[in-house]
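Structure at a glance
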Amino acid sequence: MTLVAILSGAGISTDSGIPDYRGPNGLWRRDPDAEKLVTYDSYMTDPEIRRRSWRMRSESATLRAEPNAAHRAVAELARAGTAVRVITQNVDGLHQLAGLPARKVLELHGTARSVSCTGCHARSSMEEALARVAAGEPDPRCPECGGILKSATVMFGERLDPEVLAQSMAIAKACEVFLAVGTTLQVQPAASLAGIAADHGARLIVVNAEPTPYDDRADEIVREPIGTALPALLKRFHPG
């Protein structure tokens, strides 16, 4: 059975109303100072940064977003019987909300739908933490140990989970088809997965509006909008 691996980046979720970070209108270009809100050292040492971070999370479109046609097409491919694994740079959880089983999704950068304690590592829901912020706690602390809470995402200055990265590399080496969808392929080590897949004989397909550093390795490049291009592309890989 053909194993189809999909590396998804911010571009797959823009149709769901979640802005990307590095595109022409991306968050980091519009507000470079916003990067501090998701930088580990700044977050841990500056209470005002933490308060601003919680306000940002309260206002974020991420938790209100719904899966779009591209997310649904990936889930449909898996339901049709194709072996699919998604490696995502996104923290929005939309692949799972679209119906793709969680065991088939590797979240390289964690999830914005949970919070974790930087002290005891207890996990709880983001919804619960934001309810505390709305109730008047500008910098909610861990209910277990009183430690600093953060989004269960990988902030700038933090390492990726080595187990998730190792599993992602194994999938890149084993797949027959590797699609890089909505990612600039500039953030390492995630971007290197495209090269690893190509090195191990996978057909590399890049679906992205802008050129990427791996375009010269690609067997196919698709520049059309992801919401229409990806569903059409994935139909090729349905069984039968």
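Below, the structure is looked at part by part. Note that the structure is a prediction, hence the values are computed from the model and not measured.

About the cut-offs
- Residues numbered from 1 in each chain as written.
- Predicted model: local features only at pLDDT ≥ 70, side-chain atom pairs only at ≥ 80, totals over all residues.
- Heavy atoms only, no water.
- Phe/Tyr/Trp six-rings, centres within 6.5 Å; stacked < 30°, edge-to-face > 60°.
- Lys NZ or Arg CZ within 6 Å of the ring centre and 35° of its normal.
- Pairing = 2+ DSSP bridges.
- Helix = DSSP H or I, 4+ residues; strand = E, 2+ residues; numbered from the N terminus.
- Axes fitted to C-alpha atoms, helices over the stretch in contact; angles between N-to-C directions.
- Contact = heavy atoms within 4.5 Å.
- Core = buried A, V, L, I, M, F, W, Y, C linked by side-chain atoms within 4.5 Å.
- Buried < 20%, exposed > 50% of the residue type's maximum accessible area, 1.4 Å probe, protein only.
- Salt bridge = Lys/Arg side-chain N within 4 Å of Asp/Glu carboxyl O.
- Parallel < 35°, antiparallel > 145°, perpendicular 65-115°, else oblique.
- Left-handed = near helix turned anticlockwise from the far one by under 90°.
- Nonpolar A, V, L, I, M, F, W, Y, C, P; charged D, E, K, R; others polar.

Regarding the packing of aromatic side chains
- This model, assessed by the stated rule, comprises zero aromatic pairs.
- Its end group placed over the ring of Trp 54, Arg 57 keeps NZ or CZ at 4.3 Å from the ring centre.

Quick look at the sheet that holds strand E6 (residues 149-153)
- Ordered in space as E5-E4-E6, the three strands form an open sheet in which the pairing is antiparallel. On the outer flanks of this sheet lie strand E5 (123-125) and E6, each paired with one strand and no other. Taken pair by pair, the neighbouring strands of this sheet meet at an average axis angle of 45°, ignoring direction.
- Bridge count for strand E4 (residues 110-117) against E5 is three bridges, and the pairing is antiparallel. Of the residues in E5, the one forming a bridge with Val 115 is Ser 124.
- Relative to E5, helix H6 (residues 126-134) is tilted by about 70°, and along the sheet it contacts E4, E5 and E6.

Here we look at the nonpolar core
- If you look at the biggest cluster of nonpolar residues, it comprises 27 residues, and the most contacted ones within it are Leu 108, Phe 178, Leu 185 and Leu 193.
- At the level of secondary structure, the elements contributing two or more residues to this core comprise strand E1 (3-8), helix H7 (162-174), strand E7 (177-181), helix H8 (192-199) and strand E8 (203-207).
- With five residues, the top contributor of residues to this core is H8.
- Setting aside chain neighbours within four positions, we find Leu 185 in contact with Leu 7, Ala 180, Ala 191, Ala 194, Val 206, Thr 212, Pro 213 and Tyr 214.
- Among the nonpolar cores identified, the runner-up in size contains 26 residues, and Val 4, Ile 6, Ala 75 and Val 105 belong to it.

Some remarks on the pattern of salt bridges
- Using the criterion set out here, one finds nine salt bridges in the structure.
- Close ionic contact of Arg 50 with Asp 139 constitutes a salt bridge, the shortest N to O distance being 2.8 Å. Of this pair, Arg 50 sits in helix H3 (residues 47-59) while Asp 139 is found in the loop between H6 and E6, placing the two residues 89 residues apart along the sequence. Asp 139 matches Arg 50 in its accessibility class, with the two residues each being buried.
- Put simply, Arg 203 and Glu 220 hold a salt bridge, and the shortest N to O gap is 3.0 Å. With a gap of 17 residues between them, Arg 203 in strand E8 and Glu 220 in strand E9 (residues 220-222) connect regions that are remote in the sequence.
- Here the salt bridges share partners, and the residues they tie into one network are Glu 48, Arg 51 and Arg 55.

Here we look at the packing of helix H4 (residues 69-79) against helix H9 (residues 226-234)
- Contact geometry of H4 with H9 gives a least axis separation of 8 Å together with a crossing angle of 15°. Accordingly, the angle class assigned to the pair H4 and H9 is roughly parallel. For the pair H4 and H9, the sense of crossing is left-handed. Mapping the contact onto sequence places Ala 69, Ala 70, Ala 73, Val 74 and Leu 77 in H4 and Ile 226, Gly 227, Leu 230, Pro 231 and Leu 234 in H9.
- Of the residues belonging to the contact of H4 with H9, the class tally is nine nonpolar, one polar and no charged.

Observations regarding unusual backbone geometry
- Geometrically, the link from Gln 188 to Pro 189 is a cis peptide bond, its omega value of 5° lying close to zero.
- Its place among the elements puts Pro 189 in the loop between E7 and H8.
- A positive phi angle, close to 70°, is found at His 121, a residue other than glycine.
- With respect to the secondary-structure elements, His 121 resides in the loop between E4 and E5.
- Although it is not a glycine, Leu 185 adopts a positive phi angle of roughly 55°.

Some thoughts on the sheet that holds E1
- With parallel pairing, six strands are arranged side by side in an open sheet as E3-E2-E1-E7-E8-E9. The sheet is open, and its two edges are formed by strand E3 (105-107) and E9, each paired on a single side. Across this sheet, the average inter-strand angle for adjacent strands is 15°, counted without regard to direction.
- Summarising the sheet, E1 and strand E2 (residues 83-88) pair through six bridges and their orientation is parallel. Bridged to Leu 3 within E2 is Ala 83.
- Where H7 meets the sheet, its contacts fall on E1, E2, E3 and E7, and the angle it forms with E3 comes to roughly 130°.
- Across the sheet, H9 is in contact with E1, E7, E8 and E9; its angle to E7 comes to roughly 170°.

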